[in-house]
Amino acid sequence: MGEITMETPELPLEIVTYILSFLKASDRKEASLVCWSWYDASQDLQFQRNDTFKFPASISSLDLIRGLSRRSRCSLVISHLDGSSMSRAVLQEIGLHLGPRLESLALPGSSVTESSLLALLPHLTALRRLDLRGLDSLFMSGAFLSKEEHRQQVGVALAGLEELDLSDLRYLSDLTFNRLTGCTLRLRRLSLAGCHIAFEFDPYRGCPVGPDSSALLSLRNLRRLLQEQASTVRGLDLSRTSITPESLRSVAQVGGLSLEELRLRGCKELTDYSVEVLCKHQPGLRILDLSACTELTSRAVLAVALSLKGLRFLSLSRDWRMTDKGLADLMMLPELRNLDLSECLHVSGAEIVKGLSALEPRARLETLSFKSCTYIRDLAVFSLARLLGSSLRELDLTSCVYLTDLSVRAIATYLPGLVVLRLGWCKEITDWGLLGMVELTKECEPSKEMEDKGPSFTRTFGNMGFFRPPSMPFQEKPRLVTDEDLGVFKEQDGSSLLALRSLQELDLSACSKLTDSSITQVLRYPDLQRLSLSMLPEISDDSLASVAYHCRSLTSLALSHCPQISDQGIARAAPYLARLQHLYLSCCDAVTDRALSMLVQHCKRLRTLDISMCKDISITTVDLLQSQLPFLENVHCRFVGGADLTLTL
């Protein structure tokens, strides 16, 4: 009998669009490549609200820009613009095809000329966000927007601009700042991070600066802008500037100014008193970044807790003088959702547990970072996991070196909605923790185990040692997981990391006791996008193949310093890694040219590849790889091909 064939009926565009609405953006992008009808459905207006297109300036980008003209609105991030004719053509096409549709424009890593940008800006009548970060070429001459006709044209186009980013501009002065902000009369957010602002006096003249300096941007001029636009300005970024306590107080006390966002990252001169004044005069703050303000103490935390009742985001990262004091009061802020305490070396988490254990109202944290907080122990993680189980989505415990399998089991049991989990450098974590099982060891009596018997003397003194050295935790290797143990794991209902079905990012780098036994059984997350398994010496090609098969949404995979990963593992994994964009294989000595040929065949979207110190990879193959992968931007290939790393003195 002949084989019967049936044609699949073509669904109406509306039905396909409705089906695609249930997919995430990354999956919808894959579906749009199936056929033209699915592509047309993926271009529906409901999917185009917040799309941002990133690409370097090139001849091929001209067609992309023309294609975007079919969209009702879009945002662009264009890099590598300069004074060439090709860059001018790109800007002209943007003005011609996207002018009234463009909502956001950023030009990172560019050196665009004044004339090119002035020719573009009058066309961008719908622009809401303009990012000129690091564009020193615009402001070096001091002549930007010096002509009245140019200011009038730009002022009409940028009348609706709400966000202006002028970060890291070395040549920004009062004059150029006033010309540009004079064209943006409805600013809601202004960023001056990393700019050279004269808060006290002009270092060239030795006297107070401003408000119309042609060489520097002054505090007096900034205050004038805030006074003029106090009714609209809601966000200010002065990170990495030399703002003084007196200057912060003067900014906070500008009449009519009601900030909702303030970022002061790396402002090392700020004091507790200046933060107290800030909180008193700006009680409406919802986002506050005080990271790397190294002079602040727990007194500043108490001021925040008492005054900023609507705070949602707080970063105290690298505030090394912070302690647990005040953190319990911080947990009484009912709107607090994001808390960053990374590298606060004296924080143990006990006061946070105390605050969260109190009666309502209390914080419902969604993001919590304890990175490099070495006082964090299993008890704190267990308590926090129970208290935040219904709300926490991102947890960073990187370099909390005393955490053990107990913490992993608590996370798997109480935090099923976790999306991001970072456990890098937690070296006491073993396979048993990931599997959610208790290591079966010889029986021990807790009372005897915990009893302090004092020093233990040896019988001989010939080695000059009167005490028997204690065994260190990192010297004790856990009992290896056997096939019988895995059989028990598959039958149990306990919580392994498999319970975290929503994970999109997982970092297990340098958890050196992990082996194939747990990686192959637990890492099975269909939505996982970023995974780091670097510096795991015990994992092999079996782990790589299993991860690739079960985690097909991966866009970033780190396997650096994994000596057992070889060409065979890459060959088994590559067919399932079609979405992979970033791959890190540095110091994987068993990876050779054959692995790169597999990447060329299956991983067409690679943008970053790190093969540094892979001694059996040749430069010729690297060059061929770059010519065959169209999206490849960064290739790290230091000391490939067996380069001699010895130093001759």
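Per an unreviewed UniProt entry, the protein chain goes by F-box and leucine rich repeat protein and derives from Oncorhynchus kisutch.

## Focus on the packing of helix 24 (residues 593-602) against helix 25 (residues 619-628)
Running from N to C, helix 24 and helix 25 cross one another at 5 degrees; their axes reach a closest spacing of 10 Å. By the criterion of interaxial angle, the relationship of helix 24 to helix 25 is roughly parallel. Of helix 25, the residues touching helix 24 (which contributes Asp593, Leu596 and Val600) are Thr621, Val622, Leu625 and Gln628. Here the residues of the contact of helix 24 with helix 25 are counted per class, giving four nonpolar, two polar and one charged.

## Details of the pattern of salt bridges
Taken as a whole and assessed by the stated rule, the structure comprises 28 salt bridges. We note a salt bridge from Arg263 to Glu261, for which the minimum N-O separation is 2.8 Å. Classification of Glu261 as buried rests on a relative accessible area of 13%. Across the pair Glu366 and Arg337 runs a salt bridge whose closest N-O atoms are separated by 4.0 Å. Here Arg337 lies in the loop between helix 14 (327-330) and strand 13 (338-340) and Glu366 lies in the loop between helix 15 (350-356) and strand 14 (367-369), a separation of 29 residues in the sequence. A residue is classified by how much of its surface remains accessible, and Glu366, at 34% relative accessible area, is partly exposed. Linked through salt bridges whose partners overlap, the residues forming this network are Arg129, Asp131, Arg133, Glu163 and Asp165.

## Quick notes on helix 9 (residues 174-181)
With six of its eight residues buried, helix 9 lies for the most part within the structure. Listing the buried residues of helix 9 in full gives Asp174, Thr176, Phe177, Arg179, Leu180 and Thr181. Where helix 9 is buried, its residues meet helix 7 (136-139), helix 8 (148-157), strand 5 (163-165), strand 6 (189-191), strand 8 (217-218) and helix 10 (219-228).

## Re the side chain of Asp272
Counting through the fold element by element, Asp272 comes out in helix 12 (residues 272-281). Although Asp272 is buried, it forms no salt bridge, and the closest oppositely charged side chain is Arg299 at an N-O distance of 4.8 Å. Once residues lying within four places of it in the same chain are set aside, the contact partners of Asp272 are Glu295, Leu296, Thr297, Arg299 and Ala300.

Calculation criteria
- Residues numbered from 1 in each chain as written.
- Predicted model: local features only at pLDDT ≥ 70, side-chain atom pairs only at ≥ 80, totals over all residues.
- Heavy atoms only, no water.
- Axes fitted to C-alpha atoms, helices over the stretch in contact; angles between N-to-C directions.
- Helix = DSSP H or I, 4+ residues; strand = E, 2+ residues; numbered from the N terminus.
- Parallel < 35°, antiparallel > 145°, perpendicular 65-115°, else oblique.
- Contact = heavy atoms within 4.5 Å.
- Nonpolar A, V, L, I, M, F, W, Y, C, P; charged D, E, K, R; others polar.
- Salt bridge = Lys/Arg side-chain N within 4 Å of Asp/Glu carboxyl O.
- Buried < 20%, exposed > 50% of the residue type's maximum accessible area, 1.4 Å probe, protein only.
- Lys, Arg positive; Asp, Glu negative; His and termini not counted.

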